[in-house]
Amino acid sequence: MKRWNKHTLPIHQYVFFLQVFHHCTYDKSICCSIYKNAAAVMILYDISKHTSFQDAVGDWLEEVKGAGLYHPVILLVGHKYDKRPIRSVTTSEAQDFAG
């Protein structure tokens, strides 16, 4: 599985550099150095596994907050929509958390 993707995204007069790193299997201390200059962080969770949501809103969110980023945009994303018949994290639960 490829763990790292880089993209350049031109939007109007701006150019954004997007780096996507899949790190759920890596030590979190390694990940901190990868996103230390990030303006935004996307945290994904599996809607069919409540433990995935708990890890996302607990461990990973605290990791991002403790990384010393300057007011990053944090996106909380529920994925595996195809598994919604066995969904264990409701939309309202995620929305309530996100505020």
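Refer to the structure above for everything that follows.
Predicted model, so just to flag it, every value in this text is computed and none were measured.

Asks: Where do I start with the pairing of strand β4 (residues 73–79) in this structure?
Replies: Successive side chains on a regular strand alternate, one facing one side of the sheet and the next facing the other. With seven bridges connecting them, strand β3 (residues 40–46) and β4 associate as parallel partners. Looking at β4, one finds that I43 is bridged to L76. With helix α2 (residues 50–65) bridging β3 and its parallel neighbour β4, the resulting β-α-β unit is right-handed.

Asks: Explain the side chain of D46 here, please?
Replies: Here D46 is to be found in strand β3. In this structure D46 comes out as buried when scored by relative accessible area, which is 4%. A distance of 3.4 Å separates the side chain of D46 from the side chain of K80, its partner in a polar contact. Those residues in contact with D46, other than ones at most four positions away along the chain, are S52, H79, K80 and V89.

Asks: Just checking my understanding: could you explain the packing of α2 against helix α3 (residues 91–98) for this structure?
Replies: For any two helices packed against each other, the geometry is given by the interaxial angle and the distance between the axes. Following both chains from N to C, one finds α2 and α3 inclined at 10°, their axes separated by 12 Å at the closest point. Judged on the interaxial angle alone, α3 and α2 are roughly parallel. Where α2 approaches α3, its residues H50, F53, V57 and L61 are matched on the opposing element by E93, A94 and F97. Each residue belonging to the contact of α2 with α3 can be placed in one class, and the counts come to five nonpolar, one polar and one charged.

Asks: Mind showing me how you'd approach the nonpolar core here?
Replies: Nonpolar side chains in soluble globular proteins tend to end up buried together. Counting 14 residues, the largest nonpolar core has V41, I43, Y45, F53, V64 and L69 as its most contacted members. Within the residue set of this core, elements represented by two or more residues are β3 and α2. Looking at this core, the element that brings in the most residues is α2, giving six residues. Those residues within four positions of Y45 in sequence are excluded, and the remaining contacts are S52, F53, A56, L76, V77, G78, H79, V89 and A94.

Each value, and the rule that gives it
- Residues numbered from 1 in each chain as written.
- Predicted model: local features only at pLDDT ≥ 70, side-chain atom pairs only at ≥ 80, totals over all residues.
- Heavy atoms only, no water.
- Pairing = 2+ DSSP bridges.
- Helix = DSSP H or I, 4+ residues; strand = E, 2+ residues; numbered from the N terminus.
- Right-handed = clockwise from strand over helix to strand, strands pointing away.
- Buried < 20%, exposed > 50% of the residue type's maximum accessible area, 1.4 Å probe, protein only.
- Polar contact = N/O pair within 3.5 Å; in protein donor to acceptor, adjacent residues only side chain to side chain.
- Contact = heavy atoms within 4.5 Å.
- Axes fitted to C-alpha atoms, helices over the stretch in contact; angles between N-to-C directions.
- Parallel < 35°, antiparallel > 145°, perpendicular 65-115°, else oblique.
- Nonpolar A, V, L, I, M, F, W, Y, C, P; charged D, E, K, R; others polar.
- Core = buried A, V, L, I, M, F, W, Y, C linked by side-chain atoms within 4.5 Å.

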